[in-house]
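A closer look at the structure
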Amino acid sequence: MSSVFLLPRALSVSEPRCPIEAINQFGDSISDAGNQIRDHPVLYYVARLPYGQTYFHDKPTGRWSDGLLMITLVAMDLKLPLLNPYLDKNTSFDNGVNFAVAASTALDDWFFAARNIPMKWAKNNAPLKVQLNWFKTFINSSVCQSNTDCARKLRRSIVILETGGNDYSYALFQGKSIQEVQIYIRDVVGAIVDAVQEVIRLGAIRVVVTGTLPEGCSPFFLTAFPNSDPKAYDDKRCLRDLNEFQMSHNNNLKGALAKLRPKFPHADTIYADCYAAFLSVFRQISIRRSPDSLYQTLCAGFEPRSTLKACCGTGGLYNFDKNLTKVCGAAGVLVCPNPEQHISWDGTHLTQNGNRHMSEFLINDTLSRIRCTQ
């Protein structure tokens, strides 16, 4: 199969599309469209090339990829323009706002401080509660001319919450065991569910909540937590324990959302299975064996030998620097000649092609479950 970019499939005409006029996005670097770099542009390599090179060419925008993000591709499928970052005050927010900030968490800083977990990667952590405050400021000052007008506009929008992964990552990289971090799931899920309730009370009726990715397949985690025991890895060569932990978070989140739905029967609260979406990309990669040799063929544009390697990076089995000094964007760090054949862009975030296939899965699995009777 050729390595062309596949556009997200449109839903069939038998599947009605709701009149969505805006998206309001909360989250971290998976969704950040440029909020982080507006506060500290000199601190982050994402403010410079090669970030954005595939789609934005010579103008990096603060998106943690070589091109488009999942949220951007979802917006394009809904015939909406790219969401602008909230901290860009000289732009249009007619079709929604991106409140996501890279390195942000679902929980507030005090939670980590109380457990002796330094937030050294979060130079300007804007946790979920801060983003919610931005949202309230925005709808009170920019969106609504009246309560009736506000309710109408929120009814025709989607709110997407993508958060929680960093809460666990910070703890794990400070030496906490998976068993210790498992205890945090209740708090992280609780913060996400509280946010869902808050946006519904503000007038939202379509809320999409994403699960976490299988971080055990990330070059970052694979480099940071090597294991000499072959049983520590699954059939995809990902870290088994870490992925099982992510599944535990996702199952708890799904269960909490199921309990929440009867409280707000007028609203759609939909779980978006990013974990399954990521694994669907793996399933599209074919590896064929013969008695004499190994034939590896491109499938969905991806090179099988590169599935666990960063495109932009250097060093080790996964093309990622374990010392976190020669990371993507740093001097001397090379970019692979074929980003579209890689899932991982910089060891932590996806390439545009990875995001494209993820968004295709989510569009067909998630948007089709939104009711249009409101």
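None of the values given here were measured: they were computed from a predicted structure. (Residues numbered from 1 in each chain as written. Predicted model: local features only at pLDDT ≥ 70, side-chain atom pairs only at ≥ 80, totals over all residues. Heavy atoms only, no water.)

**Remarks on the side chain of T269**
Positionally, T269 belongs in strand 5 (residues 268-272). On the basis of relative accessible area, T269 is assigned to the buried category, the value being 5%. Discounting chain neighbours no more than four positions away, the residues touching T269 are V196, I200, V207, L257 and R261. (Helix = DSSP H or I, 4+ residues; strand = E, 2+ residues; numbered from the N terminus. Buried < 20%, exposed > 50% of the residue type's maximum accessible area, 1.4 Å probe, protein only. Contact = heavy atoms within 4.5 Å.)

**Description of the state of the cysteines**
Counting across every chain of the model gives three disulfides. For C217, the disulfide goes to C238, at an S-S distance of 2.1 Å. Taking the sign of the S-S torsion, 110° for the link of C217 and C238, the bridge is right-handed. Of this pair, C217 sits in the loop between strand 4 (206-210) and helix 9 (219-224) while C238 sits in the loop between helix 9 and helix 10 (240-260), and the two are 21 residues apart along the sequence. The two residues C217 and C238 agree in class, both being buried. Paired through a disulfide, C312 and C328 show a sulfur-sulfur distance of 2.1 Å. For the disulfide bridge between C312 and C328, the dihedral angle about the S-S bond is near 95°, and by the sign convention the bridge is right-handed. Within this pair, whereas C312 is found in the loop between strand 7 (294-296) and helix 12 (352-366), its partner C328 is found in the loop between strand 7 and helix 12, the two being separated by 16 residues in sequence. (Disulfide = S-S within 2.5 Å.)

**What about the confidence of the model for the chain?**
Confidence along the chain averages 87 in pLDDT terms, with 87% of residues attaining 70 or more. Averaged over each element, pLDDT in the chain is lowest for strand 6 (residues 287-289) (40) and highest for helix 10 (98). When the criterion is pLDDT under 50, residues 1-16 qualifies, and its contacts beyond four places in sequence or with other chains add up to 34 contacts. Counting interchain partners and residues more than four positions distant, the pLDDT-below-50 stretch residues 286-298 has 21 contacts. (pLDDT = per-residue confidence, 0-100.)

**Observations concerning the side chain of R63**
Mapped onto the secondary structure, R63 falls in the loop between helix 1 (35-39) and helix 2 (70-77). No salt bridge is formed by the buried R63, whose closest oppositely charged neighbour, D32, lies at an N-O distance of 7.9 Å. For R63, the side chain forms a polar contact with the main-chain oxygen of L83, separated by 3.5 Å. Aside from chain neighbours lying at most four places away, what touches R63 is D32, A33, V46, Y51, F56, L69, T72, L82 and L83. (Lys, Arg positive; Asp, Glu negative; His and termini not counted. Salt bridge = Lys/Arg side-chain N within 4 Å of Asp/Glu carboxyl O. Polar contact = N/O pair within 3.5 Å; in protein donor to acceptor, adjacent residues only side chain to side chain.)

**Let's talk about the environment of L324**
As for its position among the elements, L324 is in the loop between strand 7 and helix 12. On the accessibility criterion, L324 (31% relative accessible area) is partly exposed. C-alpha of L324 to C-alpha of F220: the two residues are 104 residues apart in sequence and 9.3 Å apart in space.

**Here's the deal with the sheet that holds strand 2 (residues 96-98)**
Taken together, five strands build an open sheet; the order of strands is 2-1-3-4-5 and the sheet is parallel. At either end of the open sheet lies a strand with only one pairing partner, and these are strand 2 and strand 5. Averaged over all neighbouring strand pairs, the angle between strand axes comes to 20°, with direction disregarded. In terms of strand pairing, strand 1 (residues 22-27) meets strand 3 (residues 157-162) through six bridges, oriented parallel. The partner of N24 across the bridge, within strand 3, is V159. Lying over the sheet, helix 10 contacts strand 4 and strand 5, oriented at roughly 170° with respect to strand 5. (Pairing = 2+ DSSP bridges. Axes fitted to C-alpha atoms, helices over the stretch in contact; angles between N-to-C directions.)

**Notes on the nonpolar core**
Among the nonpolar cores identified, the biggest contains 96 residues, and I23, F26, V207, F278 and M358 are the most heavily contacted of them. It is helix 8 (residues 185-201) that provides the largest number of residues to this core, a total of 10 residues. Among all residues touching V207, those that are not within four sequence positions of it are V159, L161, V196, V199, I200, D268, T269 and I270. Counting residues in each nonpolar core, the second largest holds 13 residues, with V46, W64, A330 and V333 among its members. (Core = buried A, V, L, I, M, F, W, Y, C linked by side-chain atoms within 4.5 Å.)

**A few points about the pairing of strand 5**
Of all the five residues making up strand 5, five are buried; the element is thus mostly covered by neighbouring parts of the structure. Side chains D268, I270 and A272 project from strand 5 onto one buried face, and the interleaved T269 and Y271 project onto a second face that is buried too.

**Details of the packing of helix 11 (residues 274-283) against helix 12**
Between two packed helices, both the angle of their axes relative to each other and the distance between the axes serve to describe the pair. Where helix 11 contacts helix 12, the two axes come as close as 9 Å, and the packing angle between them is 125°. The angle between the axes of helix 11 and helix 12 places the two elements in the oblique class. In terms of crossing hand, the pair formed by helix 11 and helix 12 is right-handed. In contact with C274, A276, A277, F278, S280 and V281 of helix 11, helix 12 contributes H357, M358, F361 and L362. (Parallel < 35°, antiparallel > 145°, perpendicular 65-115°, else oblique. Left-handed = near helix turned anticlockwise from the far one by under 90°.)

**Quick notes on the environment of C372**
Of note, C372 is situated in the segment after helix 12. Given the relative accessible area of 31%, C372 is considered partly exposed.

**Observations regarding the environment of V193**
Examined against the element boundaries, V193 turns out to sit in helix 8. Of the residues examined, V193 reaches a relative accessible area of 10% and is grouped as buried. For the pair V193 and L257, spaced 64 residues apart in sequence, the C-alpha separation works out to 7.0 Å.

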